[in-house]
Amino acid sequence: MNFTETDEQVALRAAVAELGRKYGYGYFIRQARSGGRLTELWQEAAKLGFIGVNLPVEYGGGGAGLYELSIVLEELAAAGCGLLMMVVSPAICGTIFARFGTPEQKQHWLPRIASGSAIMAFGITEPDAGSNSHKLSTVATRDGDTWVLSGRKIYISGVDEAEAVLIVGRTADTKTGKLRPALFAVPTDAPGFSFQPIDMDIVMPEKQFLLFLDDVRLPADALVGEEDAALLQLFAGLNPERIMASAMAVGSARYALDKAVNYAKERTVWSVPIGAHQGLAHPLAQVKIELELARLMMQKAAVLYDAGVDMAAGEAANMAKYAAAEASVRTVDQAIQSLGGSSMTSEFGLAAMLANVRTTRIAPVSREMILNFVAQHSLGLPKSY
Ligand SMILES: Cc1cc2nc3c(=O)[nH]c(=O)nc-3n(C[C@H](O)[C@H](O)[C@H](O)COP(=O)(O)OP(=O)(O)OC[C@H]3O[C@@H](n4cnc5c(N)ncnc54)[C@H](O)[C@@H]3O)c2cc1C
């Protein structure tokens, strides 16, 4: 058991924090409010090797692990400028290609995902399936040497910025006819593929989309990895997603807590700074503890994942995402309380941040589905659905 980071990890944390300070929350919120993107930050982070830090060296990555990738996202979010597409492109898609892609798929995707020049989105959620991924109705049918894919996806982030979407569809088993999951790389300019932005009330630069796949014809090698092992491959990508969502939530909450603490040290409306009143100091201390606990579980999940202990990493990743969502919501809420009226101003932007961290309770997997997972898998309780 080792609770200290290596010299390389400490240096990475410091270098990313420095880049984060250069852009900061001002840049993030300006881009979000004006309909802009975080392209400059993405490109600079990529140039410094941060986006592909977890991907194999032979494909242009940094050769480190998910722990290091989570450092990158946590530190950027702690500076107020987390990159949501890191959860998707290098963490889910990059990992799945690196672990299960054919040599050609690795050669085609990994160097460009690592260099940040290609962004890949990820689409599993469907309008009528939602949390129930057994009900996915996006189906791929084999037609000679090609696949024909049809279905709908909803709330898919960053499709406008992406070169392709890794789509979770289903194929029919040739023997039983039963549908089982399969992953497909679908270029965003493929004929039959279209997407429509969804009006959202959250203030973030990455937009969410409704996807229409109408008889999208794809070459045989659009199928990622093995048709038979898609479930294993899918979870190899979903656990990193949960760890990275935790990193983004923990980082954002660190940002809000910093703001609150600095404000509480300065602001004086009686004879002492407001932070001296225990009514304000204790809830801030409480969320600090909750945040550190969530962070610890996130780090445990990342270490387990990098060690290849997939089952234990899955349990820890779920618990980390639960804890990070809860801690970040309570932290941002307490930061808002600490700033009083100022928290509601655009200058501080904390009210806008609340909706963003609140999303972590819903996506990429909801609080209730994590509780279901823990009830059934960790505690062995029976299933109600
Ligand atoms: C900002 C944002 C970005 C997103 N980006 C992506 C993306 O890039 N790619 C992607 O594929 N998806 C994405 N999503 C979708 C997200 O993963 C889903 O919203 C989430 O999984 C929940 O699904 P749902 O919205 O259909 O809710 P539903 O499944 O309809 O659930 C609604 C409520 O019912 C509860 N519920 C459902 N079933 C049960 C049960 N058995 N027991 C107890 N409670 C239950 C849920 O917990 C939830 O509280 C994004 C969503 C948002 C908001």
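Scroll up to find the structure this text is about.
On a predicted model such as this, the values are computed, not experimentally measured, just so you know. (Residues numbered from 1 in each chain as written. Predicted model: local features only at pLDDT ≥ 70, side-chain atom pairs only at ≥ 80, totals over all residues. Heavy atoms only, no water.)

A short note on the overall build of the protein
The line we're drawing: For the purposes of this entry, the term helix denotes a DSSP run of H or I that reaches at least four residues, the term strand denotes a run of E that reaches at least two, and both are numbered from the N terminus. What the globule rule says is 2.2 Å times the number of residues to the power 0.38, and the radius of gyration is computed from C-alpha atoms. Only protein chains enter the accessibility calculation, which uses a 1.4 Å probe; a residue is then buried when its area is under 20% of its type maximum, exposed when over 50%, and partly exposed in between. Contacts are assigned to residue pairs with any non-hydrogen atoms lying within 4.5 Å of each other. For the purpose of counting charges, residues Lys and Arg are taken to be positive, whereas Asp and Glu are taken to be negative. His and the chain ends are not included. Charged side chains are reduced to one point each, which is NZ for Lys, CZ for Arg, CG for Asp and CD for Glu.
From N to C terminus, the protein includes ten helices and seven strands. For 385 residues, the compact-globule estimate of 2.2 N^0.38 gives 21 Å, and the protein sits close to it at 21 Å. Considering only C-alpha atoms, the protein reaches an extent of 80 × 50 × 45 Å along its principal axes. Of all 385 residues assigned to the protein, the portion counted as buried reaches 53%. When contacts within the protein are restricted to residue pairs at least 6 apart in sequence, those whose partners lie at least 24 apart make up 71%. Averaging the coordinates of the 34 positive side-chain charges in the protein and doing the same for the 41 negative ones gives two points 4 Å apart.

So, the nonpolar core
Which entries qualify depends on this criterion: Nonpolar cores were defined as sets of buried Ala, Val, Leu, Ile, Met, Phe, Trp, Tyr and Cys residues, with membership established by side-chain atoms within 4.5 Å.
Ranked by internal contacts, the top residues of the largest apolar core, which has 120 residues, are Met 86 and Phe 122. Counting residues per element, this core draws most heavily on helix H6 (residues 230–266), which supplies 16 residues. Setting aside its immediate chain neighbours within four residues, Phe 122 contacts Val 88, Ile 92, Cys 93, Ile 156, Val 165, Leu 166, Val 168, Leu 234, Leu 238 and Glu 241.

So, the packing of H6 against helix H8 (residues 310–339)
Definition in use: All axes here are fitted lines through C-alpha atoms, helices being fitted over the stretch that makes contact, and every angle between N-to-C directions spans 0 to 180 degrees. When an angle is under 35 degrees it counts as roughly parallel; over 145 it counts as roughly antiparallel; between 65 and 115 it counts as roughly perpendicular; any other value is oblique. Handedness of a crossing follows from how the near helix is turned relative to the far one, being left-handed for an anticlockwise turn of less than a right angle and right-handed for a clockwise one.
It is at 8 Å that the axes of H6 and H8 come closest, and there the two elements cross at 25 degrees. Classified by the angle their axes make, H6 and H8 are roughly parallel. The two elements H6 and H8 meet at a crossing, and its hand is left-handed.

Quick look at the site of the ligand
This is how the line gets drawn: Consider each residue's heavy atoms; a residue with any of them within 4 Å of a molecule or strand counts as near. Contacts described as polar in this section are N or O atom pairs within 3.5 Å, which, within protein, must combine one atom able to donate a hydrogen with one able to accept it, while residues neighboring in sequence count only if both atoms come from side chains. Following the grouping adopted for this structure description, the nonpolar residues are Ala, Val, Leu, Ile, Met, Phe, Trp, Tyr, Cys and Pro, the charged ones are Asp, Glu, Lys and Arg, and the polar ones are all others, Gly among them.
Around the ligand lies a shell of 20 residues, among which Thr 125, Ser 131, Tyr 155, Ser 366 and Glu 368 are the nearest. Within the side chain of Ser 366, an N or O atom sits 2.6 Å from an oxygen atom of the ligand. Side-chain polar atom of Asn 372 to a nitrogen atom of the ligand: 3.1 Å apart, as the coordinates give it. Breaking the shell around the ligand down by element, the ones donating at least two residues are strand E1 (120–123), strand E3 (146–157) and helix H10 (367–378). Its residues placed into classes, the shell around the ligand shows ten nonpolar, nine polar and one charged.

Considerations on helix H5 (residues 103–114)
Our working rule: Helix span is expected to be 1.5 Å times the residue number reduced by one.
A rise of 1.5 Å per residue sets the reference length of H5, with its twelve residues, at 16 Å; its end C-alpha atoms lie 16 Å apart and thus fit the reference within 8%. In this structure, the buried side of H5 is in contact with helix H4 (85–100), E1, strand E4 (164–172) and strand E5 (179–187).

Remarks on helix H1 (residues 7–34)
Helix length check: H1 (28 residues) gives 39 Å between terminal C-alpha atoms against 40 Å at 1.5 Å per residue, within 8%. Once H1 ends, the next one or two residues include Gly 35, with phi positive near 80 degrees.

A short note on the side chain of Lys 106
Heads up, the condition is: Salt bridge criterion: a side-chain nitrogen from Lys or Arg within 4 Å of a carboxyl oxygen from Asp or Glu.
Inspection of the secondary structure assignment puts Lys 106 in helix H5. Look at Lys 106: it is buried, it has no salt bridge, and the nearest opposite charge is Glu 58 at 6.9 Å. Residues within four places of Lys 106 in sequence aside, it is in contact with Tyr 59, Phe 97, Ala 98, Gly 101 and Pro 111.

Comments concerning a nonpolar patch on the surface
This is how it is decided: Note on patches: the residues involved have over 30% relative accessible area and no salt bridge, like charges join within 9 Å, and the nonpolar side chains Val, Leu, Ile, Met, Phe, Trp and Tyr join within 5 Å. For every accessible area listed, the method is Shrake-Rupley and the probe measures 1.4 Å; residues are considered covered only by the protein chains on display.
Judged by side-chain polarity, Met 1, Phe 3, Ile 289, Leu 293 and Leu 296 come together as a nonpolar surface patch covering roughly 650 Å² of accessible area. For Ile 289, the location among the structural elements is in helix H7 (residues 278–306). With a relative accessible area of 53%, Ile 289 lands in the exposed category.

Observations concerning the packing of aromatic side chains
Counted only if it meets this: Planes of paired rings set the category: under 30 degrees apart is stacked, over 60 is edge-to-face and the rest tilted, where pairs are Phe, Tyr or Trp rings (Trp by its six-membered ring) whose centres lie within 6.5 Å.
Counted under the stated rule, the structure contains eight aromatic pairs. Geometrically, the ring pair formed by Phe 193 and Phe 195 is tilted, given 6.0 Å between the ring centres and 50 degrees between the ring planes. You can call Phe 195 partly exposed: its relative accessible area is 32%. Chaining the aromatic ring pairs together yields one cluster made of Tyr 25, Phe 28 and Tyr 255.

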